[in-house]
Amino acid sequence: MAFARLSVIVSLALGAAQLANAALTKRVTCADGNVTANKACCALFPVVAKMQSDLFDGAECGEEAHSALRLSFHDAIGFSIHGGKGGGADGSILLFNATETAFHANGGIDDITAGQFPVFQESGLTPGDFVHLAAAVGTANCPGAPRLQFLFGRPAPKAPAPDLTVPEPTDSVTAILARFADAGFNAQEVVALLSSHTIAAADVVDVTIPGTPFDSTVGTFDTQVFLEVLLKGNSFPGNGSQPGEVLSPLKGEMRLQSDFALSQDSRTACFWQQMVNDQTRMQTQFKAAMAKLQVLGQNTKTMVDCSDVVPVPASFAGPIKFPATFSQKDVQQACPQLRFPAISTVAGPAPTLAPVPGS
Ligand code: HEM
Ligand SMILES: *[C@@H]1O[C@H](CO)[C@@H](O)[C@H](O)[C@H]1NC(C)=O
Ligand SMILES: *[C@@H]1O[C@H](CO)[C@@H](O)[C@H](O)[C@H]1NC(C)=O
Ligand SMILES: *[C@@H]1O[C@H](CO)[C@@H](O)[C@H](O)[C@H]1NC(C)=O
């Protein structure tokens, strides 16, 4: 009796586990042969292919991929948990480009929206889905990046975001953290999001040197930027000191004032330092923070998880290294309570970084 009852319970439990398992592994094969968890996602494979060929020069981690990630941030951060600062990750920056590209913090963004607009128009997606899918795909082209989540189903944006939602490199740490907190992010998430600056370059901070990278490995989604922002600077890469930059350690490198300030401030310095040479930590935290950023202001209950349309990024073997001639003595360490990771140095003379092509 007792045995019989037990076996009924066991088989019920097994049945439930099998059902849950089946739901997790359910797969739909699309007409083009791609496999996804939900048939609504089938429409996205051709869009991803078109993005790769028409936007990203055939799946490169170049200027357009970098730009697509920056665009998703500048779109999404037009949001406040208190309301009144835009619709968040809604693609308003693309649809209402005439308004939003005129904001000072969006300098250079018109290049990106101009490049994305015709591909967007052909895609059949809403502006929000397009901007945030493009960022996930562009980022996936960079070795070392996490495979970002993509939720599908953003309605069309209603209005442009107001000005002054996007942080500027001249802002104080207090102002930056306050703006992010207003959008729902804590200090650790802010540092996590700044992993993006490992595939970044500046066109307008100093207009005389477009495409000036923030680290020596601008085509790789590694933790190099967290190391190089900590290196003592000695020169400016272009036309002297411009607002938003501080002295940089390498010729041809731009060190943003805001990145440097965040690396030194007691509220963020340890989060910053902990990223150095910890690829897994960086990937995990960046992925989680991006998942939040890319659905700001959206009703995720009505969205479909189409993450499996995002290409799987190549991996980065690591470890990172000090650029040639640099070592621990050059580190402006602001979190002395944590041991700095042991990092070796690239051989040879100090490098001069080349600008990112196409900037
Ligand atoms: C404190 C917050 C931030 C500030 C002050 C800041 C500032 C900047 C500045 C000044 C540039 C160079 C623009 C130019 O001269 O062309 C830049 C580039 C970039 N930013 Fe940020 N940023 C911040 C946060 C973020 C976040 C959260 C992301 C993404 C998650 C992001 C992604 C990028 C990317 C990918 C680029 C390079 C674009 C390219 O190379 O074309 N940034 N950022
Ligand atoms: C997936 O979709 C793309 C774009 O439509 C197509 O080029 C490719 O052949 C499809 N099939 C597979 C198995 O990847
Ligand atoms: C801006 O949006 C308009 C449509 O509203 C489009 O025709 C134009 O190409 C876009 N331009 C840029 C720079 O994004
Ligand atoms: C160089 O910088 C100075 C000072 O910021 C500025 O007045 C000047 O216009 C700049 N020159 C160029 C070519 O941008």
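Since this is a predicted model, take the numbers as computed values, not measurements.

Definitions and cut-offs
Residues numbered from 1 in each chain as written. Chains lettered and ligands numbered in written order. Predicted model: local features only at pLDDT ≥ 70, side-chain atom pairs only at ≥ 80, totals over all residues. Heavy atoms only, no water. 1 Å grid on protein atoms, 1.4 Å probe; cavity = no way out; pocket = protein on both sides within 12 Å on 5 of 7 lines; lining within 4 Å. Points joined across faces, edges and corners; volume = space filled by probe spheres on them. Nonpolar A, V, L, I, M, F, W, Y, C, P; charged D, E, K, R; others polar. Helix = DSSP H or I, 4+ residues; strand = E, 2+ residues; numbered from the N terminus. Buried < 20%, exposed > 50% of the residue type's maximum accessible area, 1.4 Å probe, protein only. Lys, Arg positive; Asp, Glu negative; His and termini not counted. Salt bridge = Lys/Arg side-chain N within 4 Å of Asp/Glu carboxyl O. Polar contact = N/O pair within 3.5 Å; in protein donor to acceptor, adjacent residues only side chain to side chain. Contact = heavy atoms within 4.5 Å. Near = heavy atom within 4 Å. Areas by Shrake-Rupley, 256 points an atom, 1.4 Å probe, with all protein chains shown as cover. pLDDT = per-residue confidence, 0-100. Donors = N, O, S within 2.8 Å, 3.2 Å for Na, K, Ca; no water. UniProt positions renumbered as here; feature names shortened; annotations may be inferred. Phe/Tyr/Trp six-rings, centres within 6.5 Å; stacked < 30°, edge-to-face > 60°.

## Digging into empty space enclosed by the protein
To locate leftover empty space, one rolls a probe as large as a water molecule over the atoms.
Inference 1: Under the counting rule described, the total for this entry stands at 1 cavity of 30 Å³ or more.
Inference 2: As a volume, the largest cavity reaches approximately 40 Å³.
Inference 3: In terms of residue class, the lining of the largest cavity is made up of 5 nonpolar, 2 polar and 1 charged.

## Here's the deal with the layout of surface pockets
Inference 1: Reported here for the largest pocket is a volume of approximately 960 Å³.
Inference 2: Around the largest pocket sit 42 residues that line it, and Arg70, His74, His197, Phe214 and Leu256 are the ones nearest its centre.
Inference 3: Of all the elements in the fold, those that place two or more residues in the lining of the largest pocket are helix H3 (63-76), helix H6 (109-123), helix H8 (173-182), strand S4 (201-202), helix H11 (257-264) and helix H13 (279-293).
Inference 4: Ranked by residue count, the leading element in the lining of the largest pocket is H3, at 7 residues.

## Examining the side chain of aspartate 259
Inference 1: Mapping aspartate 259 onto the fold places it in helix H11.
Inference 2: Comment: no salt bridge for buried aspartate 259; closest opposite-charge side chain is arginine 255, at 8.9 Å.
Inference 3: Within the structure, aspartate 259 has its side chain in polar contact with the side chain of histidine 197 (distance 2.9 Å).
Inference 4: The residues touching aspartate 259, leaving out its near neighbours within four places in the chain, are Leu194, His197, Phe214, Val229 and Trp272.

## A closer look at the site of ligand 3
Inference 1: Around ligand 3 lies a shell formed by Leu95, Asn97, Asp110, Thr113, Ala114 and Phe117.
Inference 2: Between ligand 3 and the protein, one listed contact pairs an oxygen atom with a side-chain N or O atom of threonine 113 at 2.9 Å.
Inference 3: Alanine 114 places a polar main-chain atom, nitrogen or oxygen, 3.4 Å from an oxygen atom of ligand 3.
Inference 4: Taken by itself ligand 3 offers 370 Å² of open surface, and the protein chains cover 53% of this.
Inference 5: The biggest single contributor to the shell around ligand 3 is H6, with 4 residues.

## Comments concerning the confidence of the model for the protein chain
Inference 1: Looking at the protein chain as a whole, the pLDDT averages 94, with 93% of positions reaching at least 70.
Inference 2: With pLDDT under 50 throughout, residues 1-22 is counted as low confidence; its partners more than four residues away or in other chains account for 0 contacts.

## Looking at the coordination of the iron atom of ligand 1
Inference 1: In this structure, the iron atom of ligand 1 receives exactly one donor atom from the protein: His197 (NE2), at 2.1 Å.
Inference 2: Within the secondary structure, histidine 197 sits in the loop between helix H9 (187-193) and S4.

## Regarding unusual backbone geometry
Inference 1: Here the bond from glycine 318 into proline 319 is cis, since omega is -5°, no more than 30 degrees from zero.
Inference 2: Topologically, proline 319 is positioned in the segment after strand S8 (304-305).
Inference 3: Within the chain, alanine 59 stands out as a residue other than glycine whose phi angle is a positive 65°.
Inference 4: With relative accessibility at 37%, the residue alanine 59 sits in the partly exposed group.
Inference 5: Backbone geometry places threonine 325, a non-glycine residue, at a positive phi of 80°.
Inference 6: For threonine 325, a relative accessible area of 46% translates into the label partly exposed.

## Digging into the UniProt feature "binding site: Ca(2+) 2" (unreviewed entry) in the protein chain
Inference 1: Within the UniProt annotation, "binding site: Ca(2+) 2" (unreviewed entry) is assigned to Thr198, Asp215, Thr217 and Asp222. With the annotated positions falling across 25 residues, the maximum pairwise C-alpha distance of 9.9 Å places them together in a single cluster.
Inference 2: On the secondary structure map, aspartate 215 appears in the loop between strand S5 (212-213) and helix H10 (224-228).
Inference 3: Side chain to side chain, aspartate 215 and threonine 198 meet in a polar contact 3.0 Å long.
Inference 4: Among the structural elements, threonine 217 can be located in the loop between S5 and H10.
Inference 5: For threonine 217, a relative accessible area of 22% puts it in the partly exposed group.
Inference 6: Non-local contacts of threonine 217, meaning those with residues more than four positions away in its chain, are made with Thr198, Asp222 and Gln224.

## A short note on the packing of aromatic side chains
Inference 1: Inspection of every chain in the model, using the stated rule, returns 7 aromatic pairs.
Inference 2: Relative to phenylalanine 180, the ring of phenylalanine 73 has its centre 5.7 Å away and its plane inclined at 5°; by these criteria the two rings are stacked. With phenylalanine 73 in helix H3 and phenylalanine 180 in helix H8, the pair connects residues that are 107 residues apart, well separated along the chain.
Inference 3: Ring geometry for phenylalanine 180 versus phenylalanine 185: centroids 6.2 Å apart, planes at 85°, classification edge-to-face. Accessibility classification places phenylalanine 180 together with phenylalanine 185 in one group, the buried group.
Inference 4: Feature note: the residues Phe73, Phe180 and Phe185 constitute an aromatic cluster, connected by ring pairs.

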